[in-house]
Amino acid sequence: MMRICDCARLLGDKDNILLLTHTRPDGDTLCSAAALCSALRRLGKNAALYNNPEITETYVPFVKDYICSCEMENAFVVSVDTADLRMLPLGFEGKVDLAVDHHASNTGYAAENLVLGEKAACGEIVMELIEELCGGLTQEEANLVYAAISTDTGCFCYGNTNPDTLRAAARVIEYGAENGRLNKLLFRSMSFSRLKLEGLLYAGMRSYRDNSINVAVVTLDMMRESGATEDDCDDLASLAGKVKGSVVSITVRELPDGRSKASVRTNDQVNASEICARFGGGGHAMAAGCNGDMGPYELADALLKVVYEVME
């Protein structure tokens, strides 16, 4: 496995660098990739983000200046925050030369891999990588890294937050990250449609074993009723876990293609990745996901059965 210095040396020797974000991209994959892209450009590299068709409106302002507007020939391909080949962005075909990731479940699909599973967010790795490459971060890069780290830790509320996470956040604030502005934008502002969707989610939520297991389902009908779009669906997975005494929370979304997508959140008593692995998924010990070729309530019940087995 590579070290930060090895990865920096490898990138320093390359040009025409294409950065990939994962399918249904979140703040960590998008903002980490954009920050790294900025640093590579500062080094005189031709670098750009692959135009992921699933980027939501929330993150367009963060990444629009880094998107590749044309096909990059003979590119050195770097995936960011992507644990598995199945998570590569829609439309991308080809091999991955380097994976920069913080998922311990990373399958090692790339030719070279910088995987630091102890990091709460890929943004932490990218911060250290940029420091190795450039000696420090610009304010723009600091803002991007702060957005990456804060979104993957739920504004530092999730159990993956550790002392190194907070030190990384402090460091990017020292570089000029506008934490107050970003916190309000990313965590304190939402559309009326999102609020209506949350109301429907809470109204239909099920709770088991004295509120230690909580299950929420988001159907396409609920999306239509609330007027919500994909832009309104960031971090829905955290809502069911707000119940006092929650140990495991399951959030399942119905997808337009007839499948369902589940997110599992746990505390340190239960391994979320092991639960999702039963369905071909994975992730972190306290935050993981999987898909199922079934309806949302069917997938929720199937996951619930596995949770019962794990908690026996």
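Here is what the cut-offs are and how they apply
- For every chain, the first residue of the written sequence is number 1, and numbering continues from 1 along that sequence.
- Totals for whole chains, interfaces and linings use every residue, but because this is a predicted model, local features are given only for residues with pLDDT of at least 70 and side-chain atom pairs only at 80 or more, for both listing and counting.
- No hydrogens and no water enter the side-chain calculation; it runs on all heavy atoms of the structure.
- Axis geometry follows a simple rule: fit a line to the C-alpha atoms, using only the stretch in contact for helices, then measure angles between N-to-C directions, giving values from 0 to 180 degrees.
- A run of DSSP states H or I qualifies as a helix once it reaches four residues; a run of E qualifies as a strand once it reaches two. Both are numbered from the N-terminal end.
- Here is the rule for angles: anything less than 35 degrees is roughly parallel, anything more than 145 is roughly antiparallel, 65 through 115 is roughly perpendicular, and the remaining ranges are oblique.
- In this analysis, two residues are considered to be in contact whenever any of their non-hydrogen atoms come within 4.5 Å of each other.
- Three categories are distinguished: nonpolar for Ala, Val, Leu, Ile, Met, Phe, Trp, Tyr, Cys and Pro, charged for Asp, Glu, Lys and Arg, and polar for the others, with Gly belonging to the last.
- When DSSP finds two or more bridges between two strands, those strands count as paired.
- Each aromatic pair joins two rings of Phe, Tyr and Trp (for Trp, the six-membered one) with centres within 6.5 Å, and gets the label stacked for planes under 30 degrees apart, edge-to-face for over 60, and tilted for any other angle.
- Classification of residues uses two cut-offs on accessible area relative to the type maximum, computed with a 1.4 Å probe and protein chains only: under 20% is buried, over 50% is exposed, and between them is partly exposed.
- Two N or O atoms count as a polar contact when they lie within 3.5 Å, although within protein this holds only if one can serve as hydrogen donor and the other as acceptor, and sequence-adjacent residues are included solely when both atoms are side-chain atoms.

### Side note on the packing of helix 4 (residues 122-134) against helix 5 (residues 139-152)
Alright, step 1. Close contact between helix 4 and helix 5 brings their axes to 8 Å; oriented N to C, the two are set at 155°. By the angle class used here, helix 4 and helix 5 are roughly antiparallel. In this structure, helix 4 uses G123, E124, V126, M127 and I130 to contact helix 5, whose residues at the interface are E141, V145, A148 and I149.
Alright, step 2. Along the lines of polarity and charge, the residues of the contact of helix 4 with helix 5 split into six nonpolar, one polar and two charged.

### Things to note about the sheet that holds strand 8 (residues 248-254)
Alright, step 1. Strand order in the open sheet made by the six strands is 6-7-8-9-11-10, with mixed pairing throughout. Looking at strand neighbours, the two that pair on one side only are strand 6 (206-208) and strand 10 (282-283), the edges of this open sheet.
Alright, step 2. Bridge count between strand 7 (residues 213-218) and strand 8: six bridges; the pairing is parallel. Bridge pairing links A216 to T251 in strand 8.
Alright, step 3. Sheet strands in contact with helix 11 (residues 296-311) are strand 6, strand 7, strand 8, strand 9 (260-266) and strand 11 (287-292), and its direction is about 160° off that of strand 8.

### Considering the packing of aromatic side chains
For any pair of aromatic rings, the description consists of the separation of the ring centres together with the inter-plane angle of the planes.
Alright, step 1. This structure, assessed with the given rule, holds four aromatic pairs.
Alright, step 2. Judged by centre distance (5.9 Å) and plane angle (85°), the ring pair of Y50 and F92 falls under edge-to-face. With Y50 in the loop between strand 2 (47-49) and helix 3 (60-63) and F92 in the loop between strand 3 (76-80) and strand 4 (98-101), this pair connects stretches of sequence that are 42 residues apart. Taken individually, Y50 and F92 each receive the classification buried, so the pair is uniform in this respect.
Alright, step 3. Ring geometry for Y208 versus Y308: centroids 6.5 Å apart, planes at 85°, classification edge-to-face. Of this pair, Y208 sits in strand 6 while Y308 sits in helix 11, and the two are 100 residues apart along the sequence.
Alright, step 4. When its relative accessible area of 26% is taken as the criterion, Y308 is described as partly exposed.

### Section: the sheet that holds strand 5 (residues 112-115)
Alright, step 1. With parallel pairing, five strands are arranged side by side in an open sheet as 2-1-3-4-5. The open sheet has two edge strands, strand 2 and strand 5, and neither has a second partner. Taking the axes of each pair of neighbouring strands and ignoring which way they run, one obtains an average angle of 20° across the sheet.
Alright, step 2. Across four bridges, strand 1 (residues 17-20) lies against strand 3 in parallel orientation. Residue L20 lies in a different strand from strand 3, and its bridge partner there is S79.
Alright, step 3. Taken strand by strand, helix 4 contacts strand 3, strand 4 and strand 5, and its axis lies near 115° from that of strand 4.

### Looking at the environment of E178
Alright, step 1. With respect to the secondary-structure elements, E178 resides in the loop between helix 6 (163-174) and helix 7 (179-187).
Alright, step 2. Residues E178 and C122, 56 residues apart in the sequence, show an inter-C-alpha distance of 19 Å.
Alright, step 3. Residue contacts for E178: discarding those within four places in its chain leaves Q139 and N143.
Alright, step 4. In this structure the side chain of E178 is engaged in a polar contact, spanning 2.9 Å, whose partner is the side chain of R181.

### As for the side chain of T29
Alright, step 1. Summarising the element assignment, T29 is placed in helix 2 (residues 27-42).
Alright, step 2. Judged by relative accessible area, which is 0%, T29 ranks as buried.
Alright, step 3. Sequence-distant contacts of T29, defined by excluding residues within four places in its chain, comprise L20, T21, H22, V80 and D81.

### A look at unusual backbone geometry
Alright, step 1. A positive phi is found at N16, a non-glycine position, where the angle reads about 50°.
Alright, step 2. In this structure, N16 sits in the loop between helix 1 (4-12) and strand 1.
Alright, step 3. A relative accessible area of 25% means that N16 is categorised as partly exposed.

### Some points on the pairing of strand 4
Alright, step 1. Burial along strand 4 is two-sided: the face carrying L98 and V100 and the face carrying A99 and D101 are both buried.
Alright, step 2. Note that strand 3 and strand 4 share three bridges and pair parallel. Residue pairing across strands places V78 opposite L98, the latter belonging to strand 4.
Alright, step 3. With four bridges connecting them, strand 4 and strand 5 associate as parallel partners.

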